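Summary of structural features
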Amino acid sequence: MSIDHRRLGRELNLFDSDPLIGAGLPFWLPDGAAARREVESYLYDLERRAGYRHVYSPALGKRRMYELSGHWRNFADDMFPPMRVGDDELVLRPSLCPHHALIFKSRGRSYRELPLRIAELGPMYRAERSGVVGGLSRVRQMLLNDAHLFCAEEQAGAEVAGVLALMRQVHAALGMGPVSFQLSLRGPGKKYGGNDDSWARAEALLRGALADAGVEYVAVEGEAAFYGPKIDVQVADPSGREWTLATVQIDYHQPERFELEYVDASGGRSRPVMVHRSLAGSMERLFGHLIEVHEGAFPVWYAPVQLAVLPIGADQDAAARAFAASAAELRVEVVHDGSVGARIRDHRKVPYLAVIGAREAAAGEVALRLRDGSRLDPMPQAAAIDLIRAAAREQRSGSGS
């Protein structure tokens, strides 16, 4: 039977939904929220070390902003209707790029600041039809791992190459498995912004970055964003259907529409190139995929519970609680109810089980049981904690399995 993240996510208490909240609006339960928070923190730290500056921007904007950006003309069918507030028409944003363009424009910029990498884990909204929403894959509100890189044209190729390298690191750490790359280009019958020259330059930059990275790809017409071509990272679900996980795009259109400028080395005014990128897509779609890829048994670094402590009998309860308290930097849970065998079966998705019997309690040790059923010899409690922390660090770096 194929793995369905909707069924498994509910069985494992990761997320759920309620008709009173509405279709396409799932809520995250504590275990799912713990896993998601760890991934969000990882992405934030990785971006910060790579020179990104994080911002917060409103989830609303005036209709006029989306008219300028081109979203209203090209994307209105996927946007929620405007809300009249006094003389303003406010719209729930379908993307973060107009806000980030205006953050760039909020003060004068110099070529010395470029590339300026602005990142945000921000909410956005899509007016999906009720018949197509479900689980985490198609939702009406999502939290996007997003960033926009403002750079000189001659810097754009290197910026795209840097994004591709970060993507590989993220996907390895998440245990994503194989991905494929698609170069999404313009196609007939669709509306696009910008001119032929800017589209040709953007496509050349993306092809050059893919070639320099040694990445094989398939070019597909008609899948570009309305403002520029893009590289889409494709993954397959258990049924073999492909969808886009992450993306990097080059945009000459919005810098022109918002009249973005910086002072160049000669003292004149130049227009930046805007590189859009997401390393992991939305948290909703990402976790829909990760639940299926790992069948709910996430790598230890973002597992909701990293360590379950199982006292064999009531006499070991105090020792189990003391051990859990000493391992508080891990996500740890003490499990009392049921036989030891039943508790092991119920927690088979947890990376490490620590069984504490009379001998272990007396010696200050634990016997670790791994998710694959193998067992380690009893070891000092501090050594067990160090072992789990080291495994989490190795996987988080992308070097572990």
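Presented here is a report on the structure given in the accompanying data block. (Residues numbered from 1 in each chain as written. Predicted model: local features only at pLDDT ≥ 70, side-chain atom pairs only at ≥ 80, totals over all residues. Heavy atoms only, no water.)

Thoughts on helix H9 (residues 283-294)
Selection rule: The way it works is that DSSP assigns letters per residue, a run of H or I at least four long becomes a helix, a run of E at least two long becomes a strand, and they are numbered from the N terminus. Expected helix span is given by 1.5 Å per residue-to-residue step, counting one fewer step than there are residues. With a 1.4 Å probe rolled over the protein chains alone, any residue whose accessible area is under 20% of its type maximum counts as buried; one over 50% counts as exposed, and the rest are partly exposed.
Across its twelve residues, H9 extends 16 Å between first and last C-alpha, which sits within 8% of the 16 Å expected from 1.5 Å per residue. Along H9, the residues that are buried comprise Met283, Glu284, Leu286, Phe287, Gly288, His289, Leu290, Ile291, Glu292 and His294. Once H9 finishes, glutamate 295 follows within two positions and takes phi at roughly 50°, a positive value.

Examining the layout of surface pockets
What counts here: Residues are said to line a cavity or pocket when one of their atoms sits within 4 Å of a point; the points come from a 1 Å grid over protein atoms alone, cavities being sets where a 1.4 Å probe fits but cannot get out and pockets being open sets with protein on both sides within 12 Å along at least five of seven lines. Grid points are joined across faces, edges and corners, and a volume is the space filled by probe spheres set on the points. Nonpolar residues are Ala, Val, Leu, Ile, Met, Phe, Trp, Tyr, Cys and Pro. Charged residues are Asp, Glu, Lys and Arg, and all others, Gly as well, are polar.
In this structure, the largest pocket occupies an estimated 1500 Å³ of space. Lining the largest pocket are 47 residues, with Phe75, Met124, Arg126, Lys230 and Gln249 positioned closest to its centre. Of all the secondary structure elements, the ones that give two or more residues to the lining of the largest pocket are helix H4 (71-75), strand S8 (141-151), strand S11 (230-236), strand S12 (242-251) and strand S15 (273-278). Top contributing element to the lining of the largest pocket by residue count: S12, with six residues. Of the residues belonging to the lining of the largest pocket, the class tally is 18 nonpolar, 15 polar and 14 charged. The computed volume of the second largest pocket comes to approximately 480 Å³. Lining the second largest pocket are 20 residues, with His5, Ser137, Asp237, Arg241 and Trp243 positioned closest to its centre. Looking at the lining of the second largest pocket, the elements that each hand over two or more residues are helix H1 (5-11), S12 and H9.

Topic: the pattern of salt bridges
A pair can form between side chains of opposite charge whenever their charged atoms are brought close. For the record, the criterion: The working definition used for a salt bridge is a side-chain nitrogen of Lys or Arg within 4 Å of a carboxyl oxygen of Asp or Glu.
Taken as a whole and judged by the stated rule, the model has 27 salt bridges. The closest approach of N and O atoms between glutamate 40 and arginine 36, which form a salt bridge, is 2.7 Å. Highlighted residues: glutamate 40 and arginine 36, both in helix H2 (residues 30-49), separated by four residues, approximately one helical turn. Classification of glutamate 40 by relative accessible area gives buried; the value is 18%. Arginine 36 sits in the buried class, given a relative accessible area of 14%. Measuring nitrogen to oxygen at the nearest pair gives 2.8 Å for the salt bridge that ties arginine 138 to glutamate 128. One end of the pair, arginine 138, is in the loop between strand S7 (116-125) and S8; the other, glutamate 128, is in the loop between S7 and S8, with ten residues separating them in the sequence.

Here's the deal with empty space enclosed by the protein
Using the criterion set out here, one finds one cavity of 30 Å³ or more in the structure. The space that makes up the largest cavity amounts to roughly 40 Å³. Surrounding the largest cavity, Ser198, Trp199, Ala202, Tyr227, Gly228, Pro229, Ile250, Tyr252 and His253 form its lining. Looking at which element gives the most residues to the lining of the largest cavity, the answer is helix H7 (residues 196-212), with three residues. Class assignment of the residues belonging to the lining of the largest cavity gives a composition of six nonpolar, three polar and no charged.

Focus on the side chain of arginine 369
We apply this condition: Charge counting follows a simple rule: Lys and Arg are positive, Asp and Glu are negative, and His as well as the terminal groups are ignored. Only heavy atoms matter for contacts: two residues are in contact if any of them lie within 4.5 Å across the pair.
Within the fold, arginine 369 resides in strand S19 (residues 365-370). Buried charge without a partner: arginine 369 forms no salt bridge, and the closest opposite charge is aspartate 372, 7.8 Å away. The contacts of arginine 369, once residues within four sequence positions are left out, are Ile344, Pro351, Tyr352, Leu353, Ser374 and Arg375.

Quick notes on the packing of H2 against helix H6 (residues 153-174)
The test is simple: Only the stretch in contact is used when a helix axis is fitted, and all axes are lines through C-alpha atoms; the angle between N-to-C directions ranges over 0 to 180 degrees. Any angle between 65 and 115 degrees counts as roughly perpendicular, while under 35 counts as roughly parallel, over 145 as roughly antiparallel, and the rest as oblique. In a left-handed crossing the near helix is turned counterclockwise from the far helix by less than a right angle, and in a right-handed crossing that turn is clockwise.
Put simply, H2 and H6 touch, their axes get as near as 12 Å, and they point 155° apart. When the axes of H2 and H6 are compared, the pair comes out roughly antiparallel. The chirality of how H2 crosses H6 is right-handed. Where H2 approaches H6, its residues Val39, Tyr42, Leu43 and Leu46 are matched on the opposing element by Leu166, Gln169, Val170, Ala173 and Leu174. The class makeup of the residues in the contact of H2 with H6 is eight nonpolar, one polar and no charged.

Digging into the sheet that holds strand S4 (residues 60-62)
To be explicit about the condition: Being paired, for any two strands, means DSSP has found at least two bridges between them.
Spatially, the three strands line up as an open sheet ordered S4-S6-S5, and their pairing is antiparallel. Where the open sheet ends on each side, the last strands, each with one partner, are S4 and strand S5 (83-85). The mean inter-strand angle of the sheet, taken between neighbouring strand axes irrespective of direction, is 40°. Where S4 and strand S6 (residues 88-92) come together, three bridges link them in antiparallel fashion. Counted as the bridge partner of lysine 62 is leucine 90 from S6.

Things to note about the side chain of arginine 140
Convention followed: Side-chain atoms alone can form a polar contact between residues adjacent in sequence; in general such a contact is a pair of N or O atoms within 3.5 Å, and within protein one must be able to donate a hydrogen while the other accepts it.
Topologically, arginine 140 is positioned in the loop between S7 and S8. No salt bridge is formed by the buried arginine 140, whose closest oppositely charged neighbour, glutamate 128, lies at an N-O distance of 7.3 Å. Within the structure, the side chain of arginine 140 is placed 2.9 Å from the backbone oxygen of glutamate 128, a separation counted as a polar contact.

Some details on the nonpolar core
One recurring pattern in soluble globular proteins: nonpolar side chains tend to sit buried together. Going by this rule: For this analysis, a nonpolar core means a set of buried residues of the types Ala, Val, Leu, Ile, Met, Phe, Trp, Tyr and Cys, connected via side-chain atoms within 4.5 Å.
Counting residues in hydrophobic clusters, the biggest one holds 76 residues, and the most contacted among them are Ile250 and Leu307. Broken down by element, the residue count for this core peaks at nine residues, all from H6. In this structure isoleucine 250 touches Ala156, Val160, Ala202, Leu205, Leu206, Tyr227, Gly228, Pro229, Val273, Met274 and Val275, once residues within four positions along its chain are discounted. Core analysis: the second largest hydrophobic core is formed by 18 residues, Val55, Ala101, Phe104 and Tyr262 among them.

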